[in-house]
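Below are the chains, spelled out letter by letter.
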Amino acid sequence: MSEPSSPPLTLRPFRNADAAAVATLLTTSVRGLWHYRPEHFQKDTDPEKWRLVALRGGEMVATGRLAPFGDSAPDALRLDLAGDGAAFSRLYLALLAQAPGRFRRLLGVTREDWPEQMHFFTAAGFRNAWQSWGAHLDLTAFDFERFRALDEKLFLAGYEVGRWDNAATDTEWDALYGLHRQGEADVPKNPTTTSAPLPREEWQRTLSEEAVFVVRYRGEVVVLTRLALPKHHPLQSAREVSSDLTATHPAHRSRGLATLLKAQALAWARAEGYTRAGTGGAVLNLPMLRVNTHLGYQTEPMWVTWERIVTNALA
């Protein structure tokens, strides 16, 4: 007796009523790294974002989405797939048929230990173009005393660590912006880890909502680091902070200042009741990778950004 065949796969556009099922598929796809909620999708009505769902026997088994990648790759669309890998090729081809011709690249981002996405991008002819790392730190076990000697040494050399005061003068904000822009220019570029610099006023508003720490030398800010707080990251745990850019003036590098400043920021976060800190960056950013390893961050499986040039396919 032959085995009964499985119901055929059918595709259709996303509907608001699909939001809960899509949220479950994506949360499962990322192994609970982020927890998606239905409200993340119910308002996803941008005409330049295309989401399809795949159903088998009336049950949603996969979903796919194309959307402009963002200002770090304005000529690219981002392809996201979640659920049953057997449906990915159908979703991919159907999404391509809807995409406009002005985009010349497709980019996909996945972690190396998520086999269904890794296998799809390899089989579909994408190139493993960039690699990034992510890392997390258990703040409940973080002990600033390990860095006390470094703190004292650098203090005696004239370096003072403290939290940035949002009531600083425009001149001070301008100096901080200059250091920030220099740090952005120094970071190895990667579409996943890089975004276009914010205009001065928008940048100041953003930092005013974060916890920013600086090192001063003779009154001049020479190092900065940013902690993004969870209220501005809807997928982030309420007890997790995220370390964004850390920048050191070239004349003050190789002294341990970035390590000390990030340690002070983490000590503040622990005292405020946060229990976990996350960070990441391009694999080529070895200096910051060393700093975070020294602080006790545990690196996770690597993130891979896949690329496919599709100039003719999107025409």
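Presented here is an overview of the structure given in this document. (Residues numbered from 1 in each chain as written. Predicted model: local features only at pLDDT ≥ 70, side-chain atom pairs only at ≥ 80, totals over all residues. Heavy atoms only, no water.)

Brief notes about the side chain of His136
Okay, so step 1: With respect to the helices and strands, His136 occurs in strand β6 (residues 127-138).
Okay, so step 2: Given a relative accessible area of 16%, His136 falls into the buried group.
Okay, so step 3: Reaching out from His136, the side chain makes a polar contact with the side chain of Arg276 at a distance of 3.3 Å. (Helix = DSSP H or I, 4+ residues; strand = E, 2+ residues; numbered from the N terminus. Buried < 20%, exposed > 50% of the residue type's maximum accessible area, 1.4 Å probe, protein only. Polar contact = N/O pair within 3.5 Å; in protein donor to acceptor, adjacent residues only side chain to side chain.)

A look at helix α1 (residues 19-29)
Okay, so step 1: Residues of α1 that are buried include every one of Ala19, Val22, Ala23, Leu25, Leu26, Thr27 and Ser29, and no others.
Okay, so step 2: Turning to α1, the residues buried within the fold contact α2 (39-42), β2 (50-56), β3 (59-68), β4 (76-83) and α4 (115-123).
Okay, so step 3: Arg31, located one to two residues past α1, shows a positive phi value of around 55°. (Contact = heavy atoms within 4.5 Å.)

Concerning the pattern of salt bridges
Okay, so step 1: Under the criterion given, the structure shown has 19 salt bridges.
Okay, so step 2: Salt-bridge contacts for Arg56 lead to Asp84; the nearest nitrogen and oxygen are separated by 3.1 Å. One end of the pair, Arg56, is in strand β2; the other, Asp84, is in the loop between β4 and α3 (88-98), with 28 residues separating them in the sequence.
Okay, so step 3: Exposure remark for Arg56: the relative accessible area of 22% places this residue in the partly exposed category.
Okay, so step 4: Looking at Asp84, the relative accessible area reads 28%, which means it is partly exposed.
Okay, so step 5: The residue Arg276 makes a salt bridge to Glu240 at a minimum N-O spacing of 3.8 Å. (Salt bridge = Lys/Arg side-chain N within 4 Å of Asp/Glu carboxyl O.)

Focus on the nonpolar core
Okay, so step 1: Ranked by internal contacts, the top residues of the largest apolar core, which has 33 residues, are Leu139, Phe142, Leu227, Val241, Leu266 and Trp268.
Okay, so step 2: Every element with two or more residues in this core is listed here: β6, β8 (211-217), β9 (220-228), α8 (257-271) and α9 (286-295).
Okay, so step 3: Ranked by residues supplied to this core, first place goes to α8 with nine residues.
Okay, so step 4: Those residues in contact with Leu266 that sit more than four places away from it in its chain are Leu137, Leu139, Phe142, Ala277, Leu295 and Tyr297.
Okay, so step 5: Ala54, Tyr92, Phe120 and Trp306 belong to the second largest nonpolar core, which has 27 residues in total. (Core = buried A, V, L, I, M, F, W, Y, C linked by side-chain atoms within 4.5 Å.)

Concerning the packing of helix α6 (residues 170-186) against helix α7 (residues 200-208)
Okay, so step 1: Taken N-terminus to C-terminus, the directions of α6 and α7 make an angle of 95°; their axes are 11 Å apart at the nearest point. By the angle between their directions, the pair α6 and α7 is classed as roughly perpendicular. On the side of α6, the interface is formed by Asp170, Trp173, Asp174, Leu176, Tyr177 and His180, while α7 contributes Arg200, Trp203, Gln204, Leu207 and Ser208. (Axes fitted to C-alpha atoms, helices over the stretch in contact; angles between N-to-C directions. Parallel < 35°, antiparallel > 145°, perpendicular 65-115°, else oblique.)

Remarks on the environment of Glu240
Okay, so step 1: Mapped onto the fold, Glu240 is located in strand β10 (residues 240-248).
Okay, so step 2: Given a relative accessible area of 11%, Glu240 falls into the buried group.
Okay, so step 3: A C-alpha to C-alpha distance of 28 Å links Glu240 and Arg253, two positions 13 residues apart in sequence.
Okay, so step 4: Dropping the residues within four chain positions of it, Glu240 is found in contact with His136, Pro230, Tyr274, Arg276, Ala277 and Gly278.
Okay, so step 5: Side chain to side chain, Glu240 and His136 meet in a polar contact 2.9 Å long.

Description of unusual backbone geometry
Okay, so step 1: In this structure, Arg31 is a non-glycine residue whose phi angle is positive, near 55°.
Okay, so step 2: On the secondary structure map, Arg31 appears in the loop between α1 and α2.

Re the packing of aromatic side chains
Okay, so step 1: The tally for this structure, following the rule as stated, stands at 18 aromatic pairs.
Okay, so step 2: When the centroid spacing of 5.9 Å and the interplanar angle of 15° are considered together, the rings of Phe121 and Trp306 count as stacked. Of the two residues, Phe121 sits in helix α4 while Trp306 sits in strand β13 (residues 303-309), which places them 185 residues apart along the sequence.
Okay, so step 3: According to the relative accessible area criterion, Trp306 is buried, its value standing at 5%.
Okay, so step 4: One residue, Arg127, lies across the ring of Trp130, its end atom 5.9 Å from the ring centre. (Phe/Tyr/Trp six-rings, centres within 6.5 Å; stacked < 30°, edge-to-face > 60°. Lys NZ or Arg CZ within 6 Å of the ring centre and 35° of its normal.)

Some thoughts on the pairing of β13
Each regular strand carries side chains that alternate between the two faces of the sheet.
Okay, so step 1: β13 sits mainly inside the fold: five of its seven residues count as buried.
Okay, so step 2: Here strand β5 (residues 105-111) runs beside β13; their pairing, made up of seven bridges, is antiparallel. Note on β13: the bridge partner recorded for Thr110 is Val304. (Pairing = 2+ DSSP bridges.)

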